[in-house]
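Structural overview
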Amino acid sequence: MLRPSEVESNVTKHVFVTGGVTSSLGKGITASSLGRLLEARGLRVTLQKLDPYINVDPGTMNPFEHGEVFVTDDGGETDLDLGHYERFTGVHLSRDSNVTTGSIYQSVIRKERRGDYLGATVQVIPHITNEIKARVRKLDRDDVDVVITEVGGTVGDIEGLPFLEAIRQIRKDVGAENTCYIHVTLVPYLETSEELKTKPTQHSVAELRSRGILPEVIVVRSDRPLDESARRKISLFCDVEPDAVINALNVGDIYEVPLAMEAAGLDAVVCRELGLETEPPDMDAWRTMVQRGKDAKRPVTIGLVGKYVDLPDAYLSVVESLRHSASANGANLEIRWIPAEEVDGLLAPSHLDGLDGILVPGGFGIRGVEGKIEAIRHARENGVPFLGLCLGLQCAVIEFSRNVLGHRGAHSTEFDPTTTDPVIDLMEDQADVEDLGGTMRLGIYPAKLMPGTRTQRLYGEEVIYERHRHRWEVNNRYRTELEAAGLVFAGKSPDDRLVEIIEMPTHPYFIATQFHPEFKSRPDNPHPLFSGFVAAALERREASRDTDTAHVETHAKTPH
Ligand code: GLN
């Protein structure tokens with residue numbers, strides 16, 4: 001017979017994070033921060049997002065509306081919150097960590113067609129809710145102590161109801177002592193009455209309670225500290241302990257949130273609710289890292305040449321990766337958003353002036369491609385550090401073919417199917433497939449690095465594993481010519497068939513990758529190619545400042 005403590009230690013606990021009052025309250029950052037704190041207490045954590053929209057996955061959604069698509073090791077195209085989960089914690093998530101209404105219905109309908117329901121009428125309750133529960137429970141494996149599940153959307157939305165019903169039932173299934181419900185809300189400040197208003201929070205919690213979910217913790221976002229009376233009101237009307245009203249004030253840097261949440265007692269309350277006894281969290285290394293970011297003073301300006309520059313979330317992981325590397329390099333980063341379309345054809349050179357580095361991120365579709373190519377030409381010709389990601393590599397190869405090899409019409413067959421020089425093309429085994437959806441290279445693939453290259457020195461490894469999301473590849477027919485003209489294929493697939501990384505050894509920093517390194521950068525472990533890029537940009541900035549100073553000094557000495 002197992003003693004109670006042993007039984008207890010085998011049970012996976014579930015934390016559910018819902019949101020009320022408005023969207024965009026930072027549920028994802030709250031869930032991620034809690035994940036980090038529980039890990040810092042020695043617990044094994046995993047995270048998951050339930051998204052109420054009907055797309056099967058966000059792969060087909062416009063990044064302009066929805067933000068970036070985050071890619072997991074196993075090739076899942078997922079919500080950008082999974083990027084936060086991975087960056088804040090040590091976990092490697094899989095596609096199982098993102099569940100959408102679309103994917104739930106897809107599998108229920110597939111089962112219905114197969115006859116799995118034995119003639120039953122298939123309904124939202126229990127069939128849809130059971131499917132949701134099965135997806136959540138799939139994560140409570142033996143090697144996980146706590147599953148943190150974030151429910152997307154706002155409580156009160158029609159489309160979120162099956163998810164709320166499912167997470168309510170899980171409490172019954174696994175026992176109240178093994179679940180904890182956290183509700184994230186907003187307490188606005190009204191200028192007219194000079195007061196923080198708790199009513200929207202009360203209403204939102206009432207709505208949640210009407211669905212049978214009694215939250216134990218309320219995380220309150222506010223732009224000024226919650227006073228005692230507001231805290232008491234929330235505690236009383238929402239029926240939570242006063243210390244379970246966690247005030248989440250706005251902070252300057254998202255990586256400070258775990259520290260702020262620790263100070264506000266979030267992890268302590270959650271552990272108490274779940275009956276978990278641990279040492280206090282060890283956040284020393286994290287604190288040092290956040291402080292390093294605050295102390296970083298060396299100015300550096302990176303131009304990000306993109307299509308979706310009005311919605312920075314479209315490039316979230318790229319921006320975060322730059323920030324990780326900036327902070328580790330002691331750099332105070334300024335990102336200049338450069339709309340690729342305005343640079344189109346007639347390059348607006350002013351956009352590219354004064355940049356210490358140029359980054360061309362991934363993308364689909366022809367819009368902005370000529371502008372990206374022009375920006376890369378500028379970087380190549382002027383020795384401006386350059387980092388190209390996926391489409392950024394493809395544009396660099398097109399630019400090099402046109403302007404160095406002299407193939408004026410060089411292009412990718414994605415953008416010009418009848419180009420005279422298809423330097424970027426589909427692989428032969430892909431070209432005949434009609435459904436392009438099936439041919440995307442997604443998820444982690446190995447690449448072997450060429451010894452002696454800058455890339456290899458930066459990684460310090462011989463074989464690397466990086467995440468992909470693309471269809472087109474460098475056309476092998478042009479490899480010899482490209483190499484002869486000075487382009488180095490610093491990384492290739494182990495069978496040599498696919499170019500993974502290019503670099504230009506004669507340039508201060510010119511590296512581009514067919515994969516997306518931005519998905520693997522962490523605040524406490526920046527990606528080597530981003531770090532090398534930011535370091536090169538800093539070097540350029542500081543060298544040019546030295547030249548300016550020298551110039552001024554010479555002037556000063558010139559007799560009039
Ligand atoms: N559109 C290009 C391709 O499919 C690049 C994709 C990307 O940048 N993620 O190959």
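Described below are features of the structure shown in this document. Sequence order sets the numbering: in each chain, residues are counted from 1 along the sequence as written. Where local features are concerned, this predicted model is filtered to residues with pLDDT of at least 70; where side-chain atom pairs are given and counted, the filter is 80 or more; whole-chain, interface and lining totals use all residues. Calculation of side-chain values draws on the structure's entire complement of heavy atoms; hydrogens and water are dropped beforehand.

Here's the deal with the overall build of the chain
Numbering goes from the N terminus for both helices and strands, where a helix is a DSSP run of H or I of at least four residues and a strand is a run of E of at least two. The helix and strand inventory of the chain stands at 19 helices and 23 strands. In terms of overall dimensions, the chain has C-alpha extents of about 75 × 75 × 50 Å along its principal axes. A contact between two residues is defined here by any heavy atoms of the two lying within 4.5 Å. The long-range fraction of contacts in the chain, counting pairs at least 24 apart against all pairs at least 6 apart in sequence, stands at 73%. For the chain, the accessible area works out to roughly 24400 Å², and carbon and sulfur atoms hold 51% of it. Taking the 62 positively charged and 87 negatively charged side chains of the chain as two groups, their mean positions are separated by 2 Å. Here the open area of atoms and residues is found with the Shrake-Rupley method and a 1.4 Å probe, where only the protein chains shown may cover a residue. Here the positive residues are Lys and Arg and the negative ones are Asp and Glu; neither His nor the chain ends is included. Note on charges: their place is set at NZ of Lys, CZ of Arg, CG of Asp or CD of Glu.

Quick look at the pattern of salt bridges
Side chains that differ in charge, positive against negative, can pair when their charged atoms come close. We define a salt bridge as a side-chain nitrogen of Lys or Arg found within 4 Å of a carboxyl oxygen belonging to Asp or Glu. Under the counting rule described, the total for this entry stands at 44 salt bridges. When the shortest N-O distance is used, the salt bridge between Lys 49 and Asp 79 registers 3.1 Å. Taken together, the positions of Lys 49 in strand 2 (residues 45-51) and Asp 79 in the loop between strand 4 (77-78) and helix 4 (81-88) put the pair 30 residues apart, joining distant regions of the chain. The exposure class assigned to Asp 79 is buried, which follows from its relative accessible area of 3%. The buried label goes to any residue with under 20% of its type's maximum accessible area, the exposed label to any with over 50%, and the partly exposed label to all in between, with areas taken from a 1.4 Å probe on protein chains only.

Some points on the sheet that holds strand 16 (residues 411-412)
A strand pair is defined by DSSP finding two or more bridges across the two strands. Reading across from one edge, 16-17-20 is the order of the 3 strands in this open sheet, with mixed pairing throughout. Looking along the sheet, the strands with just one partner apiece sit at the ends: strand 16 and strand 20 (473-474). Pairing of strand 16 with strand 17 (residues 422-425), which is carried by 2 bridges, proceeds in the parallel orientation. Its bridge partner lying in strand 17, His 411 is registered against Pro 422.

Some words on the packing of helix 14 (residues 369-382) against helix 15 (residues 391-403)
For helices, the axis comes from a line fit to the C-alpha atoms of the stretch in contact; other axes are also lines fit to C-alpha atoms, and the angle between any two N-to-C directions lies between 0 and 180 degrees. At a minimum axis distance of 9 Å, the contact between helix 14 and helix 15 shows a crossing angle of 70°. Between helix 14 and helix 15, the interaxial angle falls into the category roughly perpendicular. The handedness of the crossing between helix 14 and helix 15 comes out as right-handed. Touching Val 369, Glu 370, Lys 372, Ile 373, Ile 376, Arg 377 and Arg 380 of helix 14 are Leu 391, Gly 392, Cys 395, Ala 396, Ile 398, Glu 399, Phe 400, Arg 402 and Asn 403, all from helix 15. Orientation categories follow fixed angle ranges, with anything under 35 degrees roughly parallel, anything over 145 roughly antiparallel, 65 to 115 roughly perpendicular, and all other angles oblique. Crossing chirality is assigned from the near helix's rotation relative to the far helix, an anticlockwise turn below a right angle marking it left-handed and a clockwise turn marking it right-handed.

Quick look at the sheet that holds strand 11 (residues 245-249)
Hydrogen bonds along the backbone pair up the strands of a sheet, which may run parallel or antiparallel. In spatial order, the strands read 5-2-6-1-7-10-11; together these 7 strands make up an open sheet with parallel pairing. The two strands at the open ends of the sheet, each matched to only one other strand, are strand 5 (98-100) and strand 11. Across the sheet, the mean angle from the axis of one strand to that of its neighbour is 20°, orientation sign disregarded.

Re unusual backbone geometry
In this chain, Ile 125 is followed by Pro 126 through a cis amide linkage whose omega measures 15°. Phi is positive for Val 21, which is not a glycine, with a value near 75°. You can see Val 21 is positioned in the loop between strand 1 (13-19) and helix 2 (27-40). Backbone geometry at Glu 194 places phi at a positive 50°, although glycine is not the residue there. Relative to the helices and strands, Glu 194 is located in the loop between strand 8 (189-190) and strand 9 (195-196). Among the residues examined, Glu 194 registers a relative accessible area of 60% and is labelled exposed.

Considerations on the site of the ligand
One heavy atom suffices: a residue is near a molecule or strand as soon as one of its heavy atoms comes within 4 Å of it. Inspection of the region around the ligand gives Gly 362, Gly 363, Phe 364, Cys 390, Leu 391, Gln 394, Glu 414, Arg 469, His 470, Arg 471, Trp 472 and His 516 as its neighbouring residues. Within the backbone of Leu 391, a nitrogen or oxygen atom sits 3.0 Å from an oxygen atom of the ligand. Between N or O atoms, a polar contact is any pair within 3.5 Å; within protein, one atom must be a potential hydrogen donor and the other a potential acceptor, and residues adjacent in sequence are included only when both atoms are from side chains. Note that a nitrogen atom of the ligand is positioned 2.8 Å from one of the backbone N or O atoms of Arg 469. Protein contact buries 99% of the 300 Å² of open area that the ligand shows by itself.

Some thoughts on the packing of aromatic side chains
Paired rings are identified among Phe, Tyr and Trp, the last through its six-membered ring, by centres lying within 6.5 Å, and are further divided according to the angle between planes into stacked (under 30 degrees), edge-to-face (over 60) and tilted (the rest). Taken as a whole, this structure holds 8 aromatic pairs when the rule is applied. When the ring of Phe 88 is compared with that of Tyr 255, the centres are 5.2 Å apart and the planes differ by 35°; the resulting orientation is tilted. Taken together, the residues span a long stretch of sequence, with Phe 88 in helix 4 and Tyr 255 in the loop between strand 11 and helix 10 (257-264) at a distance of 167 residues. Each of the two residues, Phe 88 as well as Tyr 255, counts as buried. An angle of 40° between the planes, with centres 4.6 Å apart, marks the rings of Phe 386 and Phe 510 as tilted. Of the two residues, Phe 386 sits in strand 15 (residues 386-389) while Phe 510 sits in strand 23 (residues 510-513), which places them 124 residues apart along the sequence. Site record: aromatic cluster; members linked through ring pairs are Phe 88, Tyr 255 and Trp 286. Definition used: whenever NZ (Lys) or CZ (Arg) falls within 6 Å of the ring centre and also within 35 degrees of the ring normal, the charge is taken to sit over that ring. Residue placement shows Arg 224 over the ring face of Tyr 189; its charged tip is 3.5 Å from the ring centre. Residue placement shows Arg 441 over the ring face of Tyr 445; its charged tip is 5.0 Å from the ring centre.

Let's talk about the nonpolar core
Throughout this description, the term nonpolar core refers to a set of buried Ala, Val, Leu, Ile, Met, Phe, Trp, Tyr and Cys residues connected via side-chain atoms within 4.5 Å. Counting residues in hydrophobic clusters, the biggest one holds 55 residues, and the most contacted among them are Val 15, Ile 148, Ile 182, Val 217, Leu 266 and Val 270. Among the elements that make up this core, the one with the highest residue count is helix 2 (6 residues). Excluding residues within four positions of it along the chain, Val 270 makes contact with Val 15, Leu 34, Cys 180, Ile 182 and Val 217. In this structure, Leu 352, Leu 391, Val 397 and Phe 400 belong to the second largest nonpolar core, which totals 38 residues.

Structural notes on the layout of surface pockets
Lining residues are defined by having an atom within 4 Å of a point belonging to a cavity or pocket. Those points lie on a 1 Å grid over the protein atoms alone, cavities being sets where a 1.4 Å probe fits but cannot get out and pockets being open sets with protein on both sides within 12 Å along at least five of seven lines. Grid points are joined across faces, edges and corners, and a volume is the space filled by probe spheres set on the points. In this structure, the largest pocket spans a volume of roughly 1000 Å³. Surrounding the largest pocket, 40 residues form its lining, Ser 24, Leu 25, Gly 26, Lys 27 and Asp 81 being those nearest its centre. Considering every element that reaches the lining of the largest pocket, the biggest residue donor is helix 2, with 4 residues. We call Asp, Glu, Lys and Arg charged. Ala, Val, Leu, Ile, Met, Phe, Trp, Tyr, Cys and Pro are nonpolar, and the rest, Gly among them, are polar. Looking at side-chain class alone, the lining of the largest pocket contains 15 nonpolar, 12 polar and 13 charged residues. The space that makes up the second largest pocket amounts to roughly 440 Å³. Along its surface, the second largest pocket is lined by 21 residues, and Val 56, Arg 95, Asn 98, Ser 103 and Arg 135 are the ones closest to its centre. When contributions to the lining of the second largest pocket are tallied by element, the ones reaching two or more residues are strand 4, strand 5, helix 5 (101-114) and helix 6 (124-137). For the lining of the second largest pocket, the element with the most residues is helix 5, which contributes 4 residues. Here the lining of the second largest pocket is built from residues that sort into 5 nonpolar, 8 polar and 8 charged.

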